[in-house]
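Below, each chain spelled out in residue letters.
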Amino acid sequence: MSIFRPENNLTWRVTGVEEAAILRMSRKARELRAKGHDIISLTIGEPDFDTPDHIRQAACKALEEGWTHYAPIPGLPELRAAIAEKLRKENGLSCVPEEVVVTNGAKQAITNTIFSLVSEGDEVILMQPYWVAYEGIVRLARGKPVILSSSIENGYKVAATQVAAALTERTKLVLLNSPSNPSGAVHSATELKALANVIRSHPSAMVISDEIYEYIVFDGIRPVSIGSLPGMKPRTITINGFSKGFAMTGWRLGYAAAPEPVVRAIQKMQGALTAGANAFVQRAAIAALEGPRDSVEAMRQAYEARRSLVMTWLQEMPGVRVLPPRGAFYAFPDIRPALSEARRKEIAEDVDSFCDWLLERHGVAVVPGSAFGTNTAIRLSFAASAEELEAGLERLSTGLREIMA
Ligand SMILES: Cc1ncc(COP(=O)(O)O)c(C=O)c1O
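Residues numbered from 1 in each chain as written. Predicted model: local features only at pLDDT ≥ 70, side-chain atom pairs only at ≥ 80, totals over all residues. Heavy atoms only, no water.

**Student:** For this particular structure, what's the right way to read the nonpolar core?
**Tutor:** In globular proteins that are soluble, nonpolar side chains generally tend to be buried together. Membership of the largest hydrophobic core comes to 74 residues, with the highest contact counts inside it found for I114, L173, I237, F354 and I378. Here this core gathers at least three residues from each of two domains, domain 1 (6–50 + 295–404) and domain 2 (69–290). Residues A82, M248, A257 and V296 belong to the second largest nonpolar core, which totals 31 residues. (Core = buried A, V, L, I, M, F, W, Y, C linked by side-chain atoms within 4.5 Å. Buried < 20%, exposed > 50% of the residue type's maximum accessible area, 1.4 Å probe, protein only. Domains from an automatic or database assignment.)

**Student:** Looking at this structure, I do not really get the sheet that holds strand 4 (residues 144–148). What am I missing?
**Tutor:** Each strand in a sheet pairs with another by means of backbone hydrogen bonds, the pair being arranged parallel or else antiparallel. Strand order in the open sheet formed by seven strands is 2-8-7-6-5-3-4, and the pairing between neighbours is mixed. Each of the sheet's edge strands pairs with one partner strand only, and the pair in question is strand 2 (100–103) and strand 4. Within the sheet, the average angular offset between the axes of one strand and its neighbour, ignoring direction, is 20 degrees. Here five bridges tie strand 5 (residues 171–177) to strand 6 (residues 206–210), and the two strands are oriented parallel to one another. (Pairing = 2+ DSSP bridges. Helix = DSSP H or I, 4+ residues; strand = E, 2+ residues; numbered from the N terminus. Axes fitted to C-alpha atoms, helices over the stretch in contact; angles between N-to-C directions.)

**Student:** What is the right way to look at a nonpolar patch on the surface in this model?
**Tutor:** A cluster of nonpolar side chains, W12, V17, F115 and L140, forms an exposed patch at the surface whose accessible area comes to about 330 Å². Along the chain, the position of F115 falls in helix 5 (residues 106–117). Overall, the relative accessible area of 33% leaves F115 in the partly exposed class. (Patch = residues over 30% accessible without salt bridge, like charges linked within 9 Å, V, L, I, M, F, W, Y side chains within 5 Å. Areas by Shrake-Rupley, 256 points an atom, 1.4 Å probe, with all protein chains shown as cover. Salt bridge = Lys/Arg side-chain N within 4 Å of Asp/Glu carboxyl O.)

**Student:** I keep staring at the side chain of T171 and nothing clicks. Help me out?
**Tutor:** Inspection of the secondary structure puts T171 in strand 5. A polar side-chain atom of T171 sits 2.8 Å from the main-chain amide nitrogen of T168. When sequence neighbours within four positions are dropped, the list of residues in contact with T171 reads E123, I125, A166, H202, S204 and A205. (Polar contact = N/O pair within 3.5 Å; in protein donor to acceptor, adjacent residues only side chain to side chain. Contact = heavy atoms within 4.5 Å.)

**Student:** What is the right way to read the pairing of strand 5 from this model?
**Tutor:** Successive residues of a regular strand alternate their side chains across the two faces of the sheet. With six of seven residues buried, strand 5 is to be regarded as a mostly interior element. Alignment of strand 3 (residues 123–127) against strand 5, held across four bridges, turns out to be parallel. Within the sheet, the bridge partner assigned to L126 lies in strand 5 and is L175. Handedness of the crossover joining strand 5 and strand 6 through helix 8 (residues 189–200) is recorded here as right-handed. (Right-handed = clockwise from strand over helix to strand, strands pointing away.)

Have a look at this one:
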């Protein structure tokens, strides 16, 4: 009889999934730190601020009041109502509570949506550079990611004409993320109208609009929700959550707003897999939506100030080109000139080994663009203190000067 090995029982769902490049970089940074190396990590994808006080107090109060039981699967009615109201007031989406489902984080809202709408072989259009989780979820649903390219030359925005050319009868979903992780690009109303026209011309395609970074925007920009454009409501699943704008990553709370049949499907998935989101966190989320927003604005201003700091450094560095991010808290410099020098000098052969070299030789961790389907850029997070940022940028600059010398 052969020896029993539990690993032989694992399915394609797990054996086919590679360690994400972001996780690989932060793991490497941790390991080097544990060995006593002085490492600065600019890989983090979460606010470095704590959740505002009044939200934390609302959670404590909810616990004391006994909000410790299972919550209804689609969310507490009062939170669904508060979200519908927020979407009406802030996003111009005509939305009723029955069109909202509360989830355990925006990621779960995206997962449940994709699992509800994508069957084996269905195509999902991803716009590169894209948040890496999208591709993994589409593959787990046995869908086919169709990846459209962009570059710094077009502001890291895929054009509506590219989407039009990629639509087929198997297209189920187009995934839009504005403001974007990792590029910080924010689609204008005109760009979204063009995209909406393309999507409406297809018999059945829908759009997932991931708006998780909507409160972190710069230069006075106000992001537009594609679901608010004429004729787009029945075609749009708007995803949002509390992780980024309210600095609530660890609370795990997000939501989807969609046409009722889709909301009911998402709810079914949620009932089957995880049940309703944490009850006392939902009470705190009502306080987040309905309470004062000054702390959200203070965090936004801090990110904007850090963006200026990061841009000042990056614009001085050799071998890179960068656009000012309009939203989120990442810079996404194009490093093509530095990469070709690194190749010529046999320092690194691709963006992954380039980032490994930066970490091992200069003690700064950044995320390779390959994590987002873009092999010619790196992502730096500015969800870090000014001191950490300055130190990390100085190391990056030293590394680039060494390569470009
Ligand atoms: C583009 C994007 N969408 C969604 C999420 C996940 O949000 P949540 O913490 O609510 O699951 C992230 C987190 O990094 C993200 O970058």
